[in-house]
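Survey of secondary and tertiary structure
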Amino acid sequence: MRLRNIPGSRETIAENPWCIQQPEQLKGNWHSFFKNEHPIHIEIGMGKGKFLMTLARQNPDVNYIGIEKYSSVLLRALQKMEEKPLDNLCFIRMDAETICDIFCEGEVDKIYLNFSDPWPKDRHAKRRLTSRQFFARYHQILKKDGVVEFKTDNSDLFDFSLEEVKEAGWNLDFSTRDLHHDAALNEGNIMTEYEERFSSMGNPIYKLAASRKKD
């Protein structure tokens, strides 16, 4: 269960230099914010930030933006950034439903979705980050050769996601139902906090990558 109620977390986030307070004002100008023309990769539902911070350290020629809805979770990532700052990483506290208000058409090169909320009730299906409704949003902000990568330990959510890739009219670039035992796909894999926990329990990790079909 994610931590969601730490007193004062919103106030701390509002004062933190690594958290963008009015990201809609940077729509179409993220390269100016980072002061370079490097590719932009985003993680939606970044949790405590381990995955994205590792990527940012390994790839200084890529700009990373972490998006997290819950203040108390984002606070953990900000605390890590204070210990080891990274110039190519920033954070946004927001609900992903409004992501098209933050990035303009073709502004993002890659999207990571890691261990997203499964929203198990059928009536909440459109809230899942791999729903066709969200793929429509990703289609708007990704470059024409942009990619979405998704990892989960939830088999029902993975089955749903495979169907939604097809229904959204996207290409399924690859999929695996046991990432950690797939030598090719697991090469260079960076584990999230959730991934470490679930895999240590013996749970298989599912992963897929999907790309936009050309307009």
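Attention in this report is confined to the structure presented alongside it. In this numbering scheme, every chain counts its residues from 1 along its sequence in written order. Where local features are concerned, this predicted model is filtered to residues with pLDDT of at least 70; where side-chain atom pairs are given and counted, the filter is 80 or more; whole-chain, interface and lining totals use all residues. Only hydrogens and water are set aside; all other atoms, that is, all heavy atoms of the structure, feed into the side-chain values.

Attention now goes to the nonpolar core. What is meant by a nonpolar core is a set of buried Ala, Val, Leu, Ile, Met, Phe, Trp, Tyr and Cys residues, joined one to another through side-chain atoms within 4.5 Å. Burial status follows relative accessibility: with a 1.4 Å probe on protein chains alone, a residue under 20% of its type maximum counts as buried, one over 50% as exposed, and anything between as partly exposed. Ranked by size, the top nonpolar core spans 37 residues in total, and within it Trp30, Ile42, Ile44, Ile65, Phe103, Ile111 and Tyr138 carry the most contacts. Should any heavy atoms of two residues lie within 4.5 Å, those residues are counted as being in contact. Excluding residues within four positions of it along the chain, Ile111 makes contact with Ile42, Ile44, Tyr138, Ile141, Leu142, Val147, Val148 and Glu149. Counting 19 residues, the second-largest nonpolar core is a separate cluster that includes Ile13, Leu55, Leu74 and Leu78.

With that settled, consider the pattern of salt bridges. A carboxyl oxygen of Asp or Glu within 4 Å of a side-chain nitrogen of Lys or Arg is what we treat as a salt bridge. Per the counting criterion, the structure on display carries nine salt bridges. Where Asp95 meets Lys69, a salt bridge forms, and the shortest distance between an N and an O atom there is 3.5 Å. Here Asp95 is found in the loop between strand 3 (89–93) and strand 4 (108–114), whereas its partner Lys69 is found in the loop between strand 2 (63–68) and helix 4 (71–83), with 26 residues between them in sequence. What makes Asp95 partly exposed here is its relative accessible area of 32%. According to the relative accessible area criterion, Lys69 is partly exposed, its value standing at 40%. Among the charged side chains, a network of salt bridges with common partners joins Lys110, Glu149 and Lys207. In this text, helices come from DSSP runs of H or I with a minimum length of four residues, and strands from runs of E with a minimum of two, each type numbered from the N-terminal end.

Attention now goes to the packing of aromatic side chains. Pairing of aromatic rings covers Phe, Tyr and Trp, the last counted by its six-membered ring, and requires centre-to-centre distances within 6.5 Å; plane angles under 30 degrees mean stacked, over 60 mean edge-to-face, and any other angle means tilted. Scanning the model with the defined rule gives ten aromatic pairs in all. The interplanar angle of 25° and the centroid separation of 5.2 Å between the aromatic rings of Phe158 and Tyr206 together place this pair among those described as stacked. In this pair, Phe158 sits in helix 6 (residues 155–167) while Tyr206 sits in strand 7 (residues 206–211), placing the two residues 48 residues apart along the sequence. For Phe158, a relative accessible area of 0% corresponds to the buried category. Two conditions define a charge located above a ring, namely a distance within 6 Å from the ring centre to NZ of Lys or CZ of Arg, and an angle within 35 degrees of the ring normal. The ring of Trp119 has Arg127 lying over it, and the distance from NZ or CZ to the ring centre is 4.9 Å.

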